[in-house]
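# Architecture at a glance
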Amino acid sequence: MSLRTIGAFIAAAAATLTLAAPAGADVDVQAVNLRTPFDCGQVWNANTRTNHNPQLSVDFQRSGALGKNVRSSAGGVVETRADLGNDSYGKYLIVRHSGGWKTLYAHLNSFNVSVGQSVNTGTIIGKVGSTGGSTGPHLHYEQRLNGVVQRVVLNGVHVAYYGNTSITSSTGC
């Protein structure tokens, strides 16, 4: 195959890839519809701040948070279940979804799933806690695409950066 033929093939492939997504579409949001990780109808404050680590993570807070169900944001497989004791995330889970997406749920009080377990959108995976480096009961939450933490989008709604967003869960309704 000549260099000219290879160049034409690469140009055609690139054009096809560009045309696969409609103009202006948010491909990441369409790839996996990540849902609010709580019971239907619960209202949570999604807090984001510039000094958070990682910066694009979200802390979900509300009164009476301790022991509330934490649900999988989408279907997938439990990739990590770990307990770091009094450090960092404390008890945390990572669920691997399709398209390179993963969600992380930290400071859990308890686990309801095991590594390798398949989960559906809304499966109860744990309970809100205050483990690790937490200063009070809340859920530390991350959305990662190909290993990079992303701005959180839940059911198509973008969480405000930096500040607070009131979110009512529609998961499991």
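Predicted, not measured: the structure shown is a model, and the values here were computed from it. (Residues numbered from 1 in each chain as written. Predicted model: local features only at pLDDT ≥ 70, side-chain atom pairs only at ≥ 80, totals over all residues. Heavy atoms only, no water.)

## Re the overall build of the protein
Helix and strand content of the protein: 2 helices and 14 strands. Evaluated residue by residue, the protein yields a buried proportion of 43% over its 173 residues. Considering only contacts within the protein whose residues lie at least 6 apart along the sequence, 64% involve residues at least 24 apart. Counting only carbon and sulfur atoms, one obtains 52% of the accessible surface of the protein, whose full area is about 8,700 Å². (Helix = DSSP H or I, 4+ residues; strand = E, 2+ residues; numbered from the N terminus. Buried < 20%, exposed > 50% of the residue type's maximum accessible area, 1.4 Å probe, protein only. Contact = heavy atoms within 4.5 Å. Areas by Shrake-Rupley, 256 points an atom, 1.4 Å probe, with all protein chains shown as cover.)

## Side note on the state of the cysteines
Tallied over the full model, the rule gives 1 disulfide. At a sulfur-sulfur separation of 1.8 Å, the disulfide partner of cysteine 40 is cysteine 173. Where cysteine 40 bonds to cysteine 173 through sulfur, the torsion about that S-S bond is close to 100°, and the disulfide is right-handed. Note that cysteine 40 is positioned in the loop between α2 (27-31) and β1 (43-47) and cysteine 173 in the segment after β14 (164-168), a separation of 133 residues in sequence. (Disulfide = S-S within 2.5 Å.)

## Here we look at the environment of proline 54
Note on placement: proline 54 falls in the loop between β1 and β2 (58-61). Residues proline 54 and glutamine 150, 96 residues apart in the sequence, show an inter-C-alpha distance of 9.7 Å. For proline 54, the contacting residues outside a window of four places in its chain are Tyr89, His140, Glu142 and Val149.

## A word on the packing of aromatic side chains
What the rule picks out here adds up to 6 aromatic pairs. With a centroid separation of 5.1 Å and an interplanar angle of 80°, the aromatic rings of phenylalanine 38 and phenylalanine 60 are classed as edge-to-face. Here phenylalanine 38, found in the loop between α2 and β1, pairs with phenylalanine 60, found in strand β2; they are 22 residues apart in sequence, far enough to count as distant. The burial state of phenylalanine 38 is the same as that of phenylalanine 60; both residues are buried. Between tyrosine 89 and tyrosine 92 the ring centres are 5.2 Å apart and the planes differ by 55°, which places this aromatic pair in the tilted class. Grouped by ring-pair contacts, the aromatic residues Phe38, Trp44, Phe60, Tyr105 and Tyr141 constitute a single cluster. (Phe/Tyr/Trp six-rings, centres within 6.5 Å; stacked < 30°, edge-to-face > 60°.)

## Quick notes on the pattern of salt bridges
By the definition in use, this model includes 5 salt bridges. In this structure, aspartate 39 and arginine 71 form a salt bridge, with 2.5 Å as the shortest nitrogen-oxygen distance. Here arginine 71 lies in strand β3 (residues 69-71) and aspartate 39 lies in the loop between α2 and β1, a separation of 32 residues in the sequence. There is no split in this pair, since aspartate 39 and arginine 71 are both buried. Sharing partners across several salt bridges, the network here consists of Glu79, Arg96 and Lys102. (Salt bridge = Lys/Arg side-chain N within 4 Å of Asp/Glu carboxyl O.)

## Some thoughts on the confidence of the model for the protein
Scored by pLDDT, the protein has a mean of 86; 82% of the residues are at 70 or more. Note that residues 1-30 has pLDDT below 50 and, in this model, 9 contacts with residues that lie over four places away or in other chains. (pLDDT = per-residue confidence, 0-100.)

## Observations regarding the pairing of strand β9 (residues 124-128)
With 3 bridges connecting them, β3 and β9 associate as antiparallel partners. Residue pairing in the sheet places asparagine 69 in a bridge with lysine 127 of β9. Bridge count between strand β7 (residues 108-111) and β9: 3 bridges; the pairing is antiparallel. Residue pairing in the sheet places serine 110 in a bridge with lysine 127 of β9. (Pairing = 2+ DSSP bridges.)

## Comments concerning the environment of threonine 168
Within the secondary structure, threonine 168 sits in strand β14. Note: C-alpha distance between threonine 168 and glycine 41 (127 residues apart in sequence) is 5.7 Å. Aside from chain neighbours lying at most four places away, what touches threonine 168 is Gly41, Gln42 and Val43.

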